[in-house]
Amino acid sequence: MRITVTNLVLVALLLIAGSFSFLLYTDLQEAKATIEKYQDIEKLNQRSEDFIRALIYGKHKKYLTGEQLEKYETGEKEYGTPTEKNMAEVNEMKIQQLFTKKIKNKDNEAESYAIVQVRYETGDPNQYGDDYIHTLTVNSHWVKDAGEWKVDHLEMSLLKDSRDEMLRKQAEEALRKAGQAS
């Protein structure tokens, strides 16, 4: 068999095309892995939002694991299961900010931070102002438990309470009256 220049050129082109195809294939696999990673964060972000809504309405047990689940179950034993009767009437709940991120170098851990405003119906027409409003921060630590994201640590803080203004006005009025009495 004779090797011709045409055959050499064809073999070289075939090797170049094969190398190029292999590079494209590896780039495609890397792109798929990156997309999958971002889809996981997007799913976790949605799960964080669902968790916060469930938390406000007292229906968040299914999102908990580890230490946080133990705390919840201890509370159930001490105080009973939350029911509609002993839950405040939530009129409206808004998630003002929500940020979720994976913890660096740990694929199975993440954190979410949220600022939530909750408006409760008071049912008392004599109460100062409209409904009762809380603004909270909710910081959640997430871990993958059997392939599903769950909260194993939770911290909540009260940022603002609509009754703060009412209490400030009452204190000013009391000071004004005390100043007039002396």
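Only a predicted model underlies this, so the values are computations on that prediction, with no experimental measurement involved. (Residues numbered from 1 in each chain as written. Predicted model: local features only at pLDDT ≥ 70, side-chain atom pairs only at ≥ 80, totals over all residues. Heavy atoms only, no water.)

Caption draft 1: Focus on the environment of Asn108. Along the chain, Asn108 falls in the loop between strand 1 (90-102) and strand 2 (109-120). As for Asn108 and Gly147, which are separated by 39 residues in sequence, their C-alpha atoms are 9.0 Å apart. (Helix = DSSP H or I, 4+ residues; strand = E, 2+ residues; numbered from the N terminus.)

Caption draft 2: Just the environment of Gln96, in detail. Along the chain, Gln96 falls in strand 1. Once the C-alpha coordinates of Gln96 and Ile115 are considered, the two residues, 19 residues apart in sequence, prove to be 5.4 Å apart. Beyond its immediate sequence surroundings of up to four residues, Gln96 is in contact with Ile115, Gln117 and Thr135. (Contact = heavy atoms within 4.5 Å.)

Caption draft 3: Representation of helix 2 (residues 66-79) within the structure. Taking 1.5 Å of rise per residue, the 14 residues of helix 2 would be expected to cover 20 Å, and the 20 Å separating its terminal C-alpha atoms lies within 8% of that figure. For helix 2, the complete set of buried residues consists of Gln68, Tyr72 and Glu76. For helix 2, the buried positions fall inside an angular range of 80° around the axis, keeping them on one side. Facing away from the buried surface of helix 2 by more than 90 degrees, the exposed residues are Glu70, Lys77 and Glu78. The secondary structure elements touched by the buried residues of helix 2 are strand 4 (148-161). Phi for Gly80, located one or two positions after helix 2, is positive at around 90°. (Expected span 1.5 Å × (residues − 1). Buried < 20%, exposed > 50% of the residue type's maximum accessible area, 1.4 Å probe, protein only. Arc of directions from axis to C-beta.)

Caption draft 4: Examining the nonpolar core more closely. By size, the foremost hydrophobic cluster in this structure holds 23 residues, and its most contacted members are Phe51, Ile52, Ile56, Val116 and Val118. The set of elements that each furnish at least two residues to this core consists of helix 1 (5-56), strand 1, strand 2, strand 3 (132-145) and strand 4. Per element, the largest residue contribution to this core is six residues, and it comes from helix 1. (Core = buried A, V, L, I, M, F, W, Y, C linked by side-chain atoms within 4.5 Å.)

Caption draft 5: Expanded view of the pattern of salt bridges. Taken as a whole and judged by the stated rule, the model has seven salt bridges. A salt bridge links Lys61 to Glu76; the shortest N-O distance between them is 3.3 Å. On the criterion of sequence distance, the pair formed by Lys61 in the loop between helix 1 and helix 2 and Glu76 in helix 2 is long-range, its members being 15 residues apart. Taken together, the salt bridges that share partners define one network made up of Lys61, Glu73 and Glu76. (Salt bridge = Lys/Arg side-chain N within 4 Å of Asp/Glu carboxyl O.)

Caption draft 6: Representation of the packing of aromatic side chains within the structure. Using the criterion set out here, one finds two aromatic pairs in the structure. Ring plane angle 65° and centroid distance 5.7 Å describe the contact between Phe51 and Tyr63, whose orientation is recorded as edge-to-face. Here Tyr63 lies in the loop between helix 1 and helix 2 and Phe51 lies in helix 1, a separation of 12 residues in the sequence. Here the two residues Phe51 and Tyr63 agree in accessibility, since each one is buried. Geometrically, the ring pair formed by Phe51 and Trp142 is edge-to-face, given 5.6 Å between the ring centres and 80° between the ring planes. Here the residue Phe51 occupies a position in helix 1, and Trp142 occupies one in strand 3, the gap between them amounting to 91 residues. (Phe/Tyr/Trp six-rings, centres within 6.5 Å; stacked < 30°, edge-to-face > 60°.)

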